[in-house]
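# Coordinates in review
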Protein chains: 2
Amino acid sequence: MKTLYCYANNEIIPIEKAGVPVSDLLVQRGYGIFDFLRVANRQPLFIEEHLDRFFNSASVMRLPINESKEEIKKIVATLIEKNNLEFAGIRLLIAGGDAPDGYTITQPHLIIIEQTLAQPSNQFSTKGLHLASYKYQRQLADVKTTDYLMAIWLQPWMKNKGADDILYYQDESITECPRSNVFMVTKENKLITPAKNMLRGVTRKNILQVAKAQGIEFEIRDITLSELKSAKEVFISSSTKRILPVSQIDEQIYNLNYSKSISYNIFTYLLALEK
Amino acid sequence: MKTLYCYANNEIIPIEKAGVPVSDLLVQRGYGIFDFLRVANRQPLFIEEHLDRFFNSASVMRLPINESKEEIKKIVATLIEKNNLEFAGIRLLIAGGDAPDGYTITQPHLIIIEQTLAQPSNQFSTKGLHLASYKYQRQLADVKTTDYLMAIWLQPWMKNKGADDILYYQDESITECPRSNVFMVTKENKLITPAKNMLRGVTRKNILQVAKAQGIEFEIRDITLSELKSAKEVFISSSTKRILPVSQIDEQIYNLNYSKSISYNIFTYLLALEK
C-alpha cells in the first residue's frame, strides 16, 4: 500500500508518522472538531462551504485556527497532488491541544488527512435504506465535534434490528442520522427537512438550493416521527453519499417509484452541481 | 523538566514519543474510556477499585483489553519506579483503535500515563466551593468515557458566574459534577447521594463504606435541586480531591461550621483509608 501524506505539526508528513500527543485535550477529554469533504477527479468538492462550517465549529468551540482558509486550501491542494488519488476524502481536524492541567484549551492544532474513499455511484440507488429510530440528542448539535460515541456504541443495536443506519429523534421531533441529514416529501410533493438540533450539512444546503432553483416547494421546520412515517418519500443526504432513499423506518415501509420521485429529480441536479 | 515514561504500543517509552494515530477511533470519533487514580508515597491508591471500574467501562463500550488486571498493576508499578514521583496521577486509557472504515472497533489499545499531581491537603478545606447548576446529562453516564466536551465548553460560562465547578442536573434531579460526585447532609444528619445517571466514584464508594462503618445514616436516591439547596451540608468527592465542602449553589449559600460537620467527620476517616 502506498504511503499517504497528511498535514500535522505544521508540516506535510507520512500519515504513519502523525500522532496526537497523549496529553492532548482531544485524547484525554474528547475535545475536538472536524470536517470531511470529498475529492473527485482530484478536485475538492464544495471546499468553501466545508471551510465555512469548519471555521464556525472552531469558533463555537473556542478553538483558534492558526492557518487561514487560503492556507488550508493550499495544503489540501498539496496533499491532493502529492497523494495522487483521483477520488478521496479530506478530513480537517482540530485537536484541543496540549493542556498542562488536562482541562484548559491552550494551543489547538490543525491536522489534515487525505484518505482513500470510493466515489458514490452516479446512478441513483434503488436499494432503499432501513433506518432504526433512537431517542438521542447530540451535544452542541450545530458543531461538527468528534463526538460519535453514541453512533458507534449503537452499531450492534442497529445491526440487531437489521437496520442500515440510525435516525435520532428527541421530544418527538426527528433531527438527523449520525452522519447525514434527513428529508421527507409529503403527499403534496412538498420537501421538508428539520430546522434545528442537527448539523447543517453541505449537501443539505445544496439540496435546498436545487429545490429553490427548480421551483420545488420546501419547508424547513420540525418533523415529528409520525409525520415522517406518513411521508411519500424519505431520503438522507451527506457529502459522501449525496442522496440515498429510505425504504423503511422502524416498522414503516415506503414503496417508492424511484424514477418518478422528487428524490431522484433532486439527485440528478446534485450530480450536475459537482461538475 | 525530567522525562516521564508511559506505556503505549505495548512498551514503556518517553511520553513525548507516545501518540495516538490520527486514524484512531479516539481521535476521529471520540471513542475511548479512561480511569484516573492517585499515587501517594509511591503507592497507587485503591487500584483494585479503579481497575474494576476501568474494566467495566471497557466492557460496556465493547473495548477488549489485551492486558490482564495483574499485568496492568505491574506496568503501573514499573512506571512509578521508573518515574520516581512521590505523588502523582496515573491515567489508564483505552483508545478505540485503528478503524479502516473510520467507524468500526477493531483492535483497541491501552495507554498508561503517569503525570505529576499535587497531593490534596491533609487539612479539611474550609474554603467552600461555589457550584453553578446546568441542565445536562452525560451520555453513558456510568462509563468513564473521554467525553468531557460539555465540561470544557462550559468553563467560560462557569467562570462568568464566579463559580468553581458545574453541577449537572436533569429532570429536576441532580446527578454529578463533571469530575466528582455530590453528597448532601439533611438537617437530620442523614447523608444522601444520587443513585443513578452519574459515574460511580471510587471515593463515593469509600465514603459510603465509612458511613456504614461509623453508623452514619445514609440513603442512595434521587435528589432534586431544590432539596439539595435546603441541605445542611453539601460536599463533592473525587479521587484527586477526596472531599471538598460546598459553600454556594447558584444563589443558595451554605454557612457551615466545618469542624462540627458530618463532612469533616467523613474526611478524617477517608484520610485514614489511605494509610
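Our subject is the structure listed above.
Residues numbered from 1 in each chain as written. Chains lettered and ligands numbered in written order. Predicted model: local features only at pLDDT ≥ 70, side-chain atom pairs only at ≥ 80, totals over all residues. Heavy atoms only, no water.

Glancing now at the overall build of chain A. Per the secondary structure count, chain A includes eight helices and 16 strands. Expressed as lengths along the three principal axes of its C-alpha atoms, the size of chain A is roughly 55 × 40 × 35 Å. Considering only contacts in chain A between residues 6 or more positions apart, those separated by 24 or more positions represent 69%. Accessible area of chain A: about 11700 Å², with a carbon and sulfur share of 49%. Positive and negative charge centroids in chain A, built from 33 and 31 side chains respectively, lie 4 Å apart. (Helix = DSSP H or I, 4+ residues; strand = E, 2+ residues; numbered from the N terminus. Contact = heavy atoms within 4.5 Å. Areas by Shrake-Rupley, 256 points an atom, 1.4 Å probe, with all protein chains shown as cover. Lys, Arg positive; Asp, Glu negative; His and termini not counted. Charge placed at Lys NZ, Arg CZ, Asp CG, Glu CD.)

On to helix α6 (residues 202-214) of chain A. Residue and element names in this part refer to chain A. Counted at 1.5 Å a residue, the expected span for α6 with its 13 residues is 18 Å, and the 18 Å between its end C-alpha atoms agrees. Those residues of α6 not exposed but buried are Val 202, Thr 203, Arg 204, Asn 206, Ile 207, Leu 208, Val 210 and Ala 211. Just downstream of α6 lies Gly 215, where phi reads positive at about 70°. (Expected span 1.5 Å × (residues − 1). Buried < 20%, exposed > 50% of the residue type's maximum accessible area, 1.4 Å probe, protein only.)

What follows concerns the interface of chain A and chain B. Facing the 40 residues of chain A at the interface are 40 residues of chain B. Buried area between chain A and chain B, both sides added, is near 3900 Å², and the carbon and sulfur share of it is 61%. Applying the counting rule to chain A against chain B returns 15 residue pairs in polar contact (both at pLDDT 80 or more). Looking at the side of chain A that touches chain B, the elements that each hand over two or more residues are β3 (19-21), α1 (25-29), β6 (88-95), β7 (109-116), α4 (149-153) and α5 (155-160) of chain A. Along the lines of polarity and charge, the residues of the side of chain A that touches chain B split into 27 nonpolar, eight polar and five charged. (Buried area = accessible area lost by both parts, 1.4 Å probe. Polar contact = N/O pair within 3.5 Å; in protein donor to acceptor, adjacent residues only side chain to side chain. Nonpolar A, V, L, I, M, F, W, Y, C, P; charged D, E, K, R; others polar.)

Next up on the list: the sheet that holds β6(A). Residue and element names in this part refer to chain A. Strand order in the open sheet formed by six strands is β2-β1-β7-β6-β4-β5, with antiparallel pairing between adjacent strands. In this open sheet, the two strands that pair with only one neighbour each are β2 (11-14) and β5 (43-44). Pairing of strand β4 (residues 32-40) with β5 involves two bridges; the strand directions are antiparallel. By the bridge assignment, Ala 40 is partnered in β5 with Gln 43. (Pairing = 2+ DSSP bridges.)

Now for the pattern of salt bridges. Charged atoms that come close allow side chains of opposite charge to pair. Evaluated as defined, the whole model comprises 26 salt bridges over all chains. Salt-bridge contacts for Arg38(B) lead to Glu274(B); the nearest nitrogen and oxygen are separated by 2.7 Å. Of this pair, Arg38(B) sits in strand β4 (residues 32-40) while Glu274(B) sits in the segment after α8 (262-273), placing them 236 residues apart in sequence. Judged by its relative accessible area of 18%, Glu274(B) is buried. Ionic contacts of the salt-bridge type, sharing partners, join the residues Lys190(A), Glu217(A), Glu219(A), Arg221(A) and Glu227(A) into one network. (Salt bridge = Lys/Arg side-chain N within 4 Å of Asp/Glu carboxyl O.)

In screw terms, the move from chain A to chain B is a rotation of 180° and a rise of 0.0 Å along the axis, fitting with an RMSD of 0.0 Å. Taken together, the rotation and translation describe the operation of a two-fold axis. An overlap of 100% is found between the interface residues of chain A and their copies at the interface of chain B, pointing to a shared contact surface. (Least-squares fit on C-alpha atoms with pLDDT ≥ 70 in both.)

What follows deals with the side chain of Glu67(B). When you line up the elements, Glu67(B) lands in the loop between α2 (47-60) and α3 (69-83). Lacking a salt bridge, the buried Glu67(B) has Lys74(B) as its closest oppositely charged neighbour, with an N-O distance of 13 Å.

So, on to the environment of Arg138(A). All names here are of chain A. Along the chain, Arg 138 turns up in the loop between β8 (129-135) and α4. Residue class for Arg 138 comes out buried when judged on its relative accessible area of 8%. With residues up to four places along the chain from it excluded, the contact list for Arg 138 reads Val 143, Thr 145, Tyr 168, Glu 176, Met 198 and Leu 199. A polar side-chain atom of Arg 138 sits 2.5 Å from the main-chain carbonyl oxygen of Ala 141.

Turning our attention to the nonpolar core. By size, the foremost hydrophobic cluster in this structure holds 114 residues, and its most contacted members are Ile112(A) and Ile112(B). Grouped together as the second largest cluster of nonpolar side chains are 19 residues, Leu131(A), Tyr169(A), Ile236(A) and Leu244(A) included. (Core = buried A, V, L, I, M, F, W, Y, C linked by side-chain atoms within 4.5 Å.)

Approximately 880 Å³ is the volume found for the second largest pocket. Sorting the residues of the lining of the second largest pocket by element identifies β8, α4 and β9 (165-170) of chain A together with β8 (129-135) and α4 (149-153) of chain B as the ones contributing at least two each. Per-class residue counts for the lining of the second largest pocket are 13 nonpolar, eight polar and eight charged. (1 Å grid on protein atoms, 1.4 Å probe; cavity = no way out; pocket = protein on both sides within 12 Å on 5 of 7 lines; lining within 4 Å. Points joined across faces, edges and corners; volume = space filled by probe spheres on them.)

Another point: empty space enclosed by the protein. Under the definition given, this model contains five cavities of 30 Å³ or more. A volume near 110 Å³ is recorded for the largest cavity. Lining of the largest cavity is provided by 13 residues; of these, Arg38(A), Phe46(A), Thr203(A), Ser239(A) and Glu274(A) occupy positions nearest its centre. Going through the elements one at a time, β4, α6 and α8 (262-273) of chain A are the ones with two or more residues in the lining of the largest cavity. In this structure, the second largest cavity encloses a volume near 90 Å³. Lining the second largest cavity, in full, are Leu37(B), Arg38(B), Leu45(B), Phe46(B), His50(B), Thr203(B), Asn206(B), Ser238(B), Ser239(B), Arg242(B), Leu270(B) and Glu274(B). Contributions of two or more residues to the lining of the second largest cavity are made by β4 and α6 (202-214) of chain B. Broken down by class, the residue content of the lining of the second largest cavity amounts to four nonpolar, five polar and three charged.

With that settled, the discussion passes to the environment of Ile192(A). Residue and element names in this part refer to chain A. Tracing the backbone shows Ile 192 in strand β12 (residues 191-193). Ile 192 sits in the buried class, given a relative accessible area of 0%. Not counting residues within four places of it along the chain, the set of residues in contact with Ile 192 comprises Val 182, Phe 183, Met 184, Thr 186, Glu 219, Arg 221, Ile 223 and Glu 227.

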